Amino acid sequence: MSAAEQTLATADAVPLSLQGPAPKRVVAGYGFWLFLLSDIVIFAALFAAYAVLSNESAGGPTAADLFDKRHVLIETACLLASSVTCGFGSLAVQRGDRTSTYFWMTITFILGISFLSLEMSEFGHMLGIGAGPSRSAFLSAFFTLVGTHGLHVTAGLCWLIVMLLQVATLGFQPMVSRRFFCFGLFWHALDIVWIGVFTIVYLGAHL
Amino acid sequence: MSTENIAQGVAPGAHVHTHGAHRSYLIGSSYAVILTLASFWASSTDVIYPPGVPILLGVLAIAQMGIHLVFFLHISSAPDQTNNVLALAFGIFVVGLLVFGSMIIMAHLNHNMMPMDRLMQLQMQR
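Remember, it's a predicted structure, so these values are computed and weren't measured experimentally.

Parameters and conventions
Throughout, residues of each chain are indexed from 1 in the direction in which the sequence is written. Numbering of ligands from 1 and lettering of chains from A proceed in the order in which they are written. Side-chain atom pairs in this predicted model are given and counted only at pLDDT of 80 or more, local residue features only at pLDDT of at least 70, and totals for whole chains, interfaces and linings cover all residues. The way it works is that DSSP assigns letters per residue, a run of H or I at least four long becomes a helix, a run of E at least two long becomes a strand, and they are numbered from the N terminus. Just to be clear, the radius of gyration here is over C-alpha atoms, and the globule rule we use is 2.2 Å times residues to the power 0.38. Exposure is read from a count of other C-beta atoms within 10 Å of each residue's own; the residue is exposed at 12 or fewer, buried at 20 or more and partly exposed in between. C-beta atoms are placed from the backbone. What counts as a contact here is a pair of residues whose C-beta atoms, placed from the backbone, lie within 7 Å. All residues other than Ala, Val, Leu, Ile, Met, Phe, Trp, Tyr, Cys, Pro, Asp, Glu, Lys and Arg, Gly among them, are scored as polar; the first ten of these are nonpolar and the last four charged. Any set of buried Ala, Val, Leu, Ile, Met, Phe, Trp, Tyr and Cys residues joined through C-beta atoms within 7 Å is what this text calls a nonpolar core. Angles run from 0 to 180 degrees between N-to-C directions of axes, and those axes are lines fitted to C-alpha atoms, restricted for helices to the stretch in contact. For classification purposes, an angle smaller than 35 degrees is called roughly parallel, one larger than 145 roughly antiparallel, one from 65 to 115 roughly perpendicular, and anything else oblique. When the near helix sits turned anticlockwise from the far one by under a right angle, the crossing is termed left-handed; a clockwise turn instead gives a right-handed crossing. Every residue is assigned a pLDDT by the predictor, reflecting its confidence on a scale from 0 to 100. Residue count minus one, scaled by 1.5 Å, sets the expected span of a helix.

Caption draft 1: Quick look at the overall build of chain A. Within chain A, the regular secondary structure consists of 7 helices and 0 strands. When the helices and strands of chain A are placed in sequence order, the string is α-α-α-α-α-α-α. In terms of C-alpha radius of gyration, chain A reaches 21 Å, well past the compact-globule figure of 17 Å for 207 residues. Counting only C-alpha atoms, chain A reaches 70 × 35 × 30 Å along its principal axes. Taking all 207 residues of chain A together, the buried fraction comes to 36%. Contacts in chain A between residues far apart in sequence, at least 24 positions, make up 82% of those at least 6 positions apart.

What follows is the structure in structure tokens.
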């Protein structure tokens, strides 16, 4: 029997229901998880609107005309890589390691900014060729869905800056590392939404 | 790691003070990369029977969401995660209702709607 199993066996003597309130980190994580799920429900409504309206291009440009797969692959790579570096950053926060927190979170920030600028250049190009949100129902749904995701990423980047400032001024207090934990959850959830976006919007356009 | 944490169960990647946590993120991200590339490949290949491609894309996307939930968001069957898993199940239920409900309702409405030219004719006659 390993040391961990031995502690597990002794801890099992006290049933979970008698061990008192759950640690604050678990409770805070649960509350934030509920918020994330409600956010995902918002995205579900936008996805439903897009699925219904994606063929209603009103004689204007269709999805297959507009979307470039290579561009989306680079955007996806940025977001996925930022998810991993954010994970490494959260581990550094839990260890209380200031240098590697700054390192990984700065990389996360740079990858997030590059994702956003790629998305902005795509939007700018579409607006330039007259494929703005007012062109057709399809484009309204597209800009609402992808724009809402972009706004979430922007909010996440602002939050990341605030968290780095808090680490600089307050240090790794339990409060700060809980907030960082919630930021990590938020960032990973945005990546999950992006999986839906690139599958339904961008890959679905070329079927 | 305190006794309390062990007793409450530990999600994959939640071992803070070991190298296992970093490895968990790396394993998760390599699965995610493989699934992403598979989606992009499936959408542009001629090898697969074309009507089957949307189903394959759906399966790959759901699989990747599962990978992200387990390896990045650390959702697991650990005792301290019971509430999270229940909330997730309810969230998936609501998302399914919203998306598939809207699609079915709108498809039926489209189906039952009079063709646009006949609608115009009717309005002309009045």
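Caption draft 2: Broad picture of the overall build of chain B. Helix and strand counts for chain B stand at 5 helices and 0 strands. For chain B, the N- to C-terminal ordering of α and β elements is α-α-α-α-α. When the 126 residues of chain B are sorted by exposure, 21% land in the buried category. Summarising the internal contacts of chain B: among those between residues at least 6 apart in sequence, 56% fall at separations of at least 24.

Caption draft 3: Expanded view of unusual backbone geometry. A positive phi angle is found at alanine 58 of chain A, which is not glycine, with a value near 50°. The phi torsion at histidine 74 of chain B lies on the positive side, around 55°, for a residue other than glycine. For histidine 74 of chain B, the location among the structural elements is in the loop between α3 (53-71) and α4 (82-112). For histidine 74 of chain B, a count of 24 C-beta atoms within 10 Å gives the class buried.

Caption draft 4: Representation of the interface of chain B and chain A in the model. Residue-level contacts link 38 residues of chain B with 42 residues of chain A. For the side of chain B that touches chain A, the elements supplying multiple residues, two or more each, are α1 (3-7), α2 (20-44), α3 and α4 of chain B. Split by residue class, the side of chain B that touches chain A holds 24 nonpolar, 13 polar and 1 charged.

Caption draft 5: Examining the nonpolar core more closely. By size, the foremost hydrophobic cluster in this structure holds 65 residues, and its most contacted members are Phe47, Tyr50, Phe142, Leu145, Val197, Phe198 and Val201 of chain A. For this core, the secondary structure elements donating two or more residues are α2 (24-53), α4 (69-95), α5 (98-128), α6 (137-170) and α7 (174-203) of chain A together with α2 and α3 of chain B. With 17 residues, the single largest contributor to this core is α7 of chain A. If we skip the residues at most four places from it in the chain, phenylalanine 198 of chain A touches Val72, Thr76 and Leu203 of chain A.

Caption draft 6: Broad picture of the packing of α4 of chain A against α5 of chain A. All names here are of chain A. In the contact formed by α4 and α5, the axes pass within 8 Å of each other and the chain directions differ by 160°. Of the possible angle classes, the one that applies to α4 and α5 is roughly antiparallel. Considering the relative orientation of α4 and α5, their crossing is left-handed.

Caption draft 7: Structural detail: the packing of α7 of chain A against α3 of chain B. In contact at an axis separation of 10 Å, α7 of chain A and α3 of chain B are set at 170° when each is read in the N-to-C sense. When the interaxial angle is binned, α7 of chain A and α3 of chain B end up roughly antiparallel. Counted together, His188, Asp191, Ile192, Ile195, Gly196, Thr199 and Leu203 of chain A of α7 of chain A and Leu57, Ala61, Gln64, Met65 and His68 of chain B of α3 of chain B form the full contact between these two elements. The residue inventory of the contact of α7 of chain A with α3 of chain B, partitioned by class, reads 6 nonpolar, 5 polar and 1 charged.

Caption draft 8: Examining the confidence of the model for chain B more closely. Residue and element names in this part refer to chain B. The share of residues in chain B with pLDDT of 70 or more is 83%, and the mean pLDDT across the chain is 83. Between residues 1-9, whose pLDDT stays under 50, and residues either more than four places distant or in other chains, the model counts 21 contacts. This prediction of the complex comes with two scores: 0.85 for pTM and 0.84 for ipTM.

Caption draft 9: Examining the environment of tryptophan 159 of chain A more closely. Within the fold, tryptophan 159 of chain A resides in helix α6. A sequence separation of 26 residues divides tryptophan 159 of chain A from proline 133 of chain A, and the C-alpha atoms of the two residues are 28 Å apart.

Caption draft 10: Summary view of the environment of leucine 53 of chain A. Residue and element names in this part refer to chain A. Along the chain, leucine 53 turns up in helix α2. Between the alpha carbons of leucine 53 and phenylalanine 142 there is a distance of 9.0 Å; along the sequence they are 89 residues apart. With residues up to four places along the chain from it excluded, the contact list for leucine 53 reads Ala137, Phe138 and Ala141.

Caption draft 11: Spatial organisation of α6 of chain A. Residues and elements named next belong to chain A. Spanning 34 residues, α6 covers 48 Å between terminal C-alpha atoms, matching the ideal 50 Å at 1.5 Å per step. On its buried face, α6 is in contact with α2, α3 (63-66), α5 and α7. Directly beyond the C-terminal end of α6, a positive phi value near 75° is found at glycine 171.

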